[in-house]
Amino acid sequence: MSKDYYNILGVDKNANKEDVKKAFKKLAHKYHPDKEYGDEAKFKEINEAYNVLGDDNKRKQYDQFGATFNQQQQAGQAGQGGQGFGGFGGFQGAQGMHFDMDDLGDIFGDFFGFGGNKRGSRSRSNQRGEDIEAVLDVEFNEAVFGAEKDIQLKKKVVCEKCNGNGAEPGTKIETCKTCRGTGKIKKMQRTIFGQMQMESLCPECGGEGKTFAQKCSQCHGAGIYEKPTSLKIKIPAGINTGETIRLTGQGQAGERGGPAGDFYIQVRVKPHSKFERQDYDIHSQVEISFTQATLSYKIDVDTVHDKVKLKIPEGTQSGTVFKLKDKGVPHLEGRGYGDHLVKVKIKTPKNLNKEQKKTLRQLNI
Ligand SMILES: [Zn+2]
Ligand SMILES: [Zn+2]
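Residue positions are given per chain, counting from 1 as you read along its sequence in written order. Think of it this way: whatever chain is written first is A, whatever ligand is written first is 1, and the rest follow in order. The model is predicted, so local features are restricted to residues of pLDDT at least 70 and side-chain atom pairs to those at 80 or more, both for listing and for counting; the totals for chains, interfaces and linings are taken over all residues. Hydrogens and water molecules were not included; the side-chain quantities draw on all heavy atoms of the structure.

**Student:** How do you make sense of the pattern of salt bridges when you look at a structure like this?
**Tutor:** Salt bridges are identified by distance alone: a Lys or Arg side-chain nitrogen within 4 Å of an Asp or Glu carboxyl oxygen. With the rule as written, the count across this model stands at 17 salt bridges. Arg-268 is the salt-bridge partner of Asp-137, the closest N and O atoms lying 2.8 Å from each other. Taken together, the residues Asp-137 in strand E1 (residues 132-138) and Arg-268 in strand E9 (residues 263-269) connect sequence positions 131 residues apart. Only protein chains enter the accessibility calculation, which uses a 1.4 Å probe. A residue is then buried if its area is under 20% of the maximum for its type, exposed if over 50%, and partly exposed in between. The partly exposed category is assigned to Asp-137, whose relative accessible area is 33%. A relative accessible area of 42% means that Arg-268 is categorised as partly exposed. Secondary structure elements are defined from DSSP: runs of H or I of at least 4 residues count as helices, runs of E of at least 2 residues count as strands, and each element is numbered from the N terminus.

**Student:** Even after reading the chapter, I still don't get the nonpolar core, so can you show me in this structure?
**Tutor:** Grouped together as the largest cluster of nonpolar side chains are 22 residues, with contacts concentrated most on Val-138, Phe-140, Ile-233, Ile-245, Leu-247, Phe-263 and Ile-265. Element by element, the count of residues in this core is highest for E9, at four residues. Structurally, this core is a two-domain feature, drawing no fewer than three residues from each of domain 2 (126-157 + 226-271) and domain 3 (276-363). Note on contacts: a residue pair is in contact if any heavy atoms of the two residues lie within 4.5 Å. In this structure, Phe-140 is in contact with Val-269, Lys-270, His-272, Phe-275, Arg-277, Ile-282 and Val-304, ignoring residues within four places of it in sequence. Among buried residues, those of type Ala, Val, Leu, Ile, Met, Phe, Trp, Tyr and Cys that are joined through side-chain atoms within 4.5 Å constitute a nonpolar core. Ranked by size, the runner-up nonpolar core spans 21 residues in total, among them Tyr-5, Ala-28, Ile-46 and Tyr-62. The split of the chain into domains comes from an automatic or database domain assignment.

**Student:** Would you take a moment to explain the coordination of the zinc ion (ligand 1) for this structure?
**Tutor:** Under ideal tetrahedral coordination, the four donors around a metal are separated by 109.5 degrees; under ideal octahedral coordination, the six donors are separated by 90 or 180 degrees. Listed as protein donors to the zinc ion (ligand 1) are Cys-159 (SG), Cys-162 (SG), Cys-216 (SG) and Cys-219 (SG); their distances from the metal cover 2.3 Å. Coordinating N, O and S atoms are those within 2.8 Å of the metal (3.2 Å for Na, K and Ca), and as water is not part of the atoms, a site may appear to have fewer donors than expected. Just to be clear on the cut-offs, tetrahedral is four donors with all angles between 85 and 135 degrees, square planar is four donors and octahedral six with opposite donors over 155 degrees apart and all others between 65 and 115, and anything else goes down as irregular. What the four donor atoms of the zinc ion (ligand 1) show is an angle range of 105 to 118° at the metal, which sorts the shape as tetrahedral. For the zinc ion (ligand 1), all donor residues lie on one chain, and their spacing in sequence is C-x2-C-x53-C-x2-C. Placement of Cys-162 in the loop between strand E2 (147-158) and strand E3 (173-175) and of Cys-216 in the loop between strand E6 (210-212) and strand E7 (224-235) is noted, with a sequence separation of 54 residues between them. In this structure Cys-162 comes out as buried when scored by relative accessible area, which is 5%. Residue classification places Cys-216 among the buried residues on the basis of a relative accessible area of 1%.

**Student:** Is there a simple way to explain the coordination of the zinc ion (ligand 2) in this structure?
**Tutor:** Around the zinc ion (ligand 2), the protein supplies Cys-176 (SG), Cys-179 (SG), Cys-202 (SG) and Cys-205 (SG) as donor atoms, at distances of 2.2 to 2.3 Å. Around the zinc ion (ligand 2), the four donor atoms are arranged such that angles at the metal cover 104 to 116°; this shape is classified as tetrahedral. Written as a sequence motif, the donor arrangement for the zinc ion (ligand 2) is C-x2-C-x22-C-x2-C. Residue Cys-179 is found in the loop between E3 and strand E4 (184-191), and its partner Cys-202 is found in the loop between strand E5 (194-201) and E6; the two are separated by 23 residues along the sequence. With relative accessibility at 1%, the residue Cys-202 sits in the buried group.

**Student:** Would you mind showing me how to read the pairing of strand E14 (residues 321-324) here?
**Tutor:** Note on strand geometry: in a regular strand, side chains alternate between the two faces of the sheet. On E14, burial follows the alternation: Phe-322 and Leu-324 on one face are buried, whereas Val-321 and Lys-323 on the facing-out side are not. Judged from the four bridges that link them, E14 and strand E15 (residues 340-347) form a sheet pairing that is antiparallel. For Phe-322, the partnering residue across the bridge sits in E15 and is Val-342. Following DSSP output, two strands are said to pair if at least two bridges run between them.

**Student:** What is the right way to look at the pairing of strand E12 (residues 297-302) in this model?
**Tutor:** Direction of pairing for E12 relative to strand E13 (residues 307-312): antiparallel, over a ladder of six bridges. The partner of Val-301 across the bridge, within E13, is Val-308.

**Student:** Help me understand the packing of aromatic side chains in this model?
**Tutor:** Aromatic ring pairs are reported here in terms of the distance separating the ring centres and the angle at which the planes meet. Any two of the Phe, Tyr and Trp rings considered here, Trp counted by its six-membered ring, make a pair once their centres fall within 6.5 Å; the pair's planes then place it as stacked at under 30 degrees, edge-to-face at over 60, or tilted in between. Counting across every chain of the model gives two aromatic pairs. With centroids separated by 4.1 Å and ring planes inclined at 10°, the aromatic side chains of Phe-24 and Tyr-50 adopt a geometry described as stacked. Placement of the pair is Phe-24 in helix H2 (residues 17-31) and Tyr-50 in helix H3 (residues 40-53), with a sequence separation of 26 residues. For the residue pair Phe-24 and Tyr-50, the accessibility class agrees, reading buried in each case.

Purely geometric stuff here, so don't read any function into it on its own.
The structure is reproduced here in structure tokens:
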């Protein structure tokens, strides 16, 4: 992958320094990744070419050792990251020639407004708003049957006064004087490869290219502001502790027209005095008398839905579990219900009177 730097910049081998610079500027402008028809790979290549051809010493070395130079560069790429830049002066250190935007992300990122493949990460424009996470305690029955809840929170919203553009309504929006509307500023920067012209996001307008005669009084020019907000949350029937409700687009508003984040609500179900939940089943316990357990009997059992008559068969032992089908929690997604499982516990009679004791003895059971 021997690179012809002259070809990349589209200049003649005899081109003077000024022409090389001109060609670089023109191409860098054209392929800058932030431009409409930008091309990051091409842009890197152009920079690489100019770093060499734009510097008298490096250009001389390149002219003389071009092919070798490129091979060594490849070796450098395969092996050792970007270390050894210092070796530039002497050609032995040429493995250090390898560089790309990723390695120089820290250096270049600051100047170009992007760092390697994290393109746009430093840009202030069109930032997606942050997600909000919250924990919501719900009553046992609300989780079973579903509910609607209002919650109050402070979150960033798009300013309704200025529609998010940051200007006080009725005042003039002007072209930014600092960047003349381009949203970028250029400055000469000394790098290890010599002087380079760098572009960065205009600090005055944040890359918008516009400034306002007067900032919006409500959001102070930010376009978004923190506002006490009330949100209606639908709790789906069947939800359980640890499950999360996601409200798309209900997180923090994005800056400069960026999309809003999401709102994640983690549900925590409060315990119930009588019922215990296990997935979609509900467990409870009832006490029955010795006589009810011994003879056949019908008892009332409370479920989350209603009271259910349960027939206790003759000779039921303490600890027996009866299943009340479909009397549990509705399935969160899909049809059907869990079951209600009721465990019976036999109350041993206490404090019997003389007569009762005598009868029991006679029964001898
Ligand atoms: Zn505003
Ligand atoms: Zn500006």
